[in-house]
Amino acid sequence: MSNIQSLRGMKDIIDDDSKLFTYFIENASKIARNYGFSFISTPILEETALFKRSVGESSDIVNKEMYQFIDKGENDVCLRPEGTAGVVRCFIQNKFDKAGTSKRWYYSGSMFRYERPQKGRLRQFHQFGAESFGQSSVYEDANIIMMIKDIFDFFGIKYKLLLNSLGCSSCMPPYKQTLVCKLEDIKEHLCEDCNKRILTNPIRVLDCKIDNCKELLKDMPKITTNLCDDCNQDFDILKDILTKNNISFEIDSNLVRGLDYYNKTAFEFVSSEIGSQSAMAGGGRYDKLVEFLGGKSTPAVGFAIGIERILELIKVSETQENIYYFGAMTNDAIDKVFKKALEYRKHNKAFVEYSPRSFIKHLNIADKQGANIVALIGEDELKNDTIFVKNLLTKEETIIPFKDF
Ligand code: HAM
């Protein structure tokens, strides 16, 4: 009988990856808290209707990629394909909309999309995201973008920021009409998906990745030149804030995002170092979603980072917090190393070996336990009141007075 394997597109996170994973979440969370966001956790399983209504019936996520099933109580449920919808549901369910409460939440967790697995594209993947409710100021959009920049800067990740404005309920509908008229003229040359999207959500046509379509779509009217005064003004202010704070960006008027809930600001952080699935993070404003899901109209903006896509850009050596290993090379030194290990444990992870062993044996055990600093006391060190210290990464060896270590 063959052994059971994990499902296609679903991965265990172990060894170096798990170090990187926790290192990322811990530090990204700290940055989010510095920006005034607090932790939220929402269920992985939600009613399918939540995603149909928010992410949108015309999106690939809802159309083709949902892990949807009927549970034992005959409920139509679905593993969450993204985090925003559940957080919005929670905001409304707790009546924060009615109370007019502002909320800033961050989250991390598994998301599920039944996509064709490839490098950077999994069926179960993890996002780190944040959602802000109650702030209509475009400064909050900038705040969100600055937070992602701070996270990427912390980990030394290079990025390009693509920015667009999708307009609002007064400028988007006339733009869509103009676009549809132009698309009708070329539709027989466009792919099948584009043709479907002309009917369901015409702006998604602009996002087509097929070369022939891309070429034909070059001359289509741009949303950025069809914005109303209010959207134009906000977009100009946002660009100005980013420029003043040294964040470079590129305007991409074809950036429409694969989820239907956005209005005004839409953005993506892309990398040229991770292959064809280059989007490391995406987000934007979604001022109509709370109302659309039955709540009281509340402005909102947020983002999500795809954790797997950026893990390969962080080096394991950066995550290394010192892990100490204490050992004695003679029986008489055990009390001394034990005492020192206890001191170190107040602030660090420290192992201590209780039996006297040879130098080489200690190094082997320390290595197996994942320590990078080995501190040993033998006869010479006892006599001189010193401690021998070896850094297993740099291979540097020193003898230090016991009281100074
Ligand atoms: P999204 O662009 O669909 O946005 O996903 C955000 C990020 O998740 C992507 O940029 C990518 O890094 C990662 N990602 C998406 N699909 C996969 C996959 N199959 N495998 C690995 N990584 C993936 C959202 O999900 C929105 N909820 C973001 C948001 C929050 N907008 C407002 N608030």
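Residues take numbers from 1 onward in each chain, read along the sequence in its written order. Per-residue local features are limited, in this predicted model, to residues with pLDDT of at least 70; the limit for side-chain atom pairs, both in listing and counting, is 80 or more; totals at the level of whole chains, interfaces and linings are taken over all residues. Excluded from the side-chain calculations are hydrogens and water; all other atoms, namely the structure's heavy atoms, are used.

Draft legend 1. Molecular detail of the pattern of salt bridges. By salt bridge we mean one thing: a side-chain nitrogen of Lys or Arg within 4 Å of a carboxyl oxygen of Asp or Glu. In the structure shown here, the tally under the stated rule is 28 salt bridges. Between E250 and K160 there is a salt bridge whose closest N-O contact spans 3.6 Å. Residue E250 is located in strand β8 (residues 250-251), and its partner K160 is located in strand β7 (residues 160-165); the two are separated by 90 residues in the primary sequence. For every residue, the accessible area obtained with a 1.4 Å probe (protein chains only) is divided by the maximum for its type, and the residue is called buried under 20%, exposed over 50%, and partly exposed between those limits. Given a relative accessible area of 40%, K160 falls into the partly exposed group. One salt-bridge network, in which partners are shared between bridges, spans D60, K64, D193 and R197. Here a strand is any run of E in DSSP of at least two residues, a helix any run of H or I of at least four, and the numbering for each starts at the N terminus.

Draft legend 2. Looking closely at helix α7 (residues 172-186). Over its 15 residues, α7 runs 21 Å from end to end, which matches the ideal 21 Å to within 8%, given 1.5 Å per residue. Along α7, the residues that are buried comprise M172, Y175, L179, L183 and I186. Looking straight down α7, one finds that the buried residues subtend no more than 70° of arc, so they occupy a single side. Along α7, exposed side chains directed more than 90 degrees from the buried face belong to Q177, C181 and D185. By the convention used here, residues are in contact when the closest approach between their heavy atoms is within 4.5 Å. Buried residues belonging to α7 abut α8 (192-200) and α9 (211-217). Here the expected length of a helix is defined as 1.5 Å per residue gap, with one fewer gap than residues. Read the arc as the range of directions from the helix axis to the C-beta atoms.

Draft legend 3. Molecular detail of the site of the ligand. Around the ligand, a shell composed of 25 residues is seen, among which E82, E115, E131, Y262 and A279 lie nearest. Polar contact is the term for a pair of N or O atoms within 3.5 Å; when the atoms are in protein, one must be able to donate a hydrogen and the other to accept it, and sequence-neighboring residues count only if both atoms are side-chain atoms. A distance of 2.8 Å separates a nitrogen atom of the ligand from a polar side-chain atom of T84. Separating a nitrogen atom of the ligand from a backbone N or O atom of L122 is a distance of 2.8 Å. Coverage of the ligand by the protein chains reaches 96% of its 660 Å² of free accessible surface. Residues are counted as near a molecule or strand when any one of their heavy atoms sits within 4 Å of it. Using the Shrake-Rupley algorithm and a 1.4 Å probe, accessible areas are obtained, with residue cover drawn only from the displayed protein chains.

Draft legend 4. Region of the structure containing α8. Listing the buried residues of α8 in full gives C194, R197 and I198. Viewed end-on, α8 has its buried residues packed into an arc of 110°, placing them on one side of the element. Among the exposed residues of α8, those oriented more than 90 degrees off its buried face are E192, L199 and T200. Contacts from the buried residues of α8 go to α3 (60-64), α7 and α9.

Draft legend 5. Region of interest: the packing of aromatic side chains. Note on aromatic contacts: the rings of Phe and Tyr and the six-membered ring of Trp form a pair at centre separations within 6.5 Å, being stacked when their planes are under 30 degrees apart, edge-to-face when over 60 apart, and tilted otherwise. Taken as a whole and judged by the stated rule, the model has 29 aromatic pairs. Each ring, one from F152 and one from Y159, has its centre 6.0 Å from the other, and the planes form 40°; the classification is tilted. Among the residues examined, F152 registers a relative accessible area of 0% and is labelled buried. Taking the relative accessible area as the measure of exposure, Y159 reaches 25% and is therefore partly exposed. What links up through ring pairs into an aromatic cluster is the set Y23, F24, F39, Y106, F128, F154 and F155. Lying over the aromatic face of Y114, R123 brings its terminal NZ or CZ to 3.8 Å of the ring centre. Geometrically, a charge over a ring is one whose NZ (Lys) or CZ (Arg) sits within 6 Å of the ring centre while staying within 35 degrees of the ring normal. The residue whose ring lies beneath K336 is F402, and the NZ or CZ to ring-centre distance is 4.5 Å.

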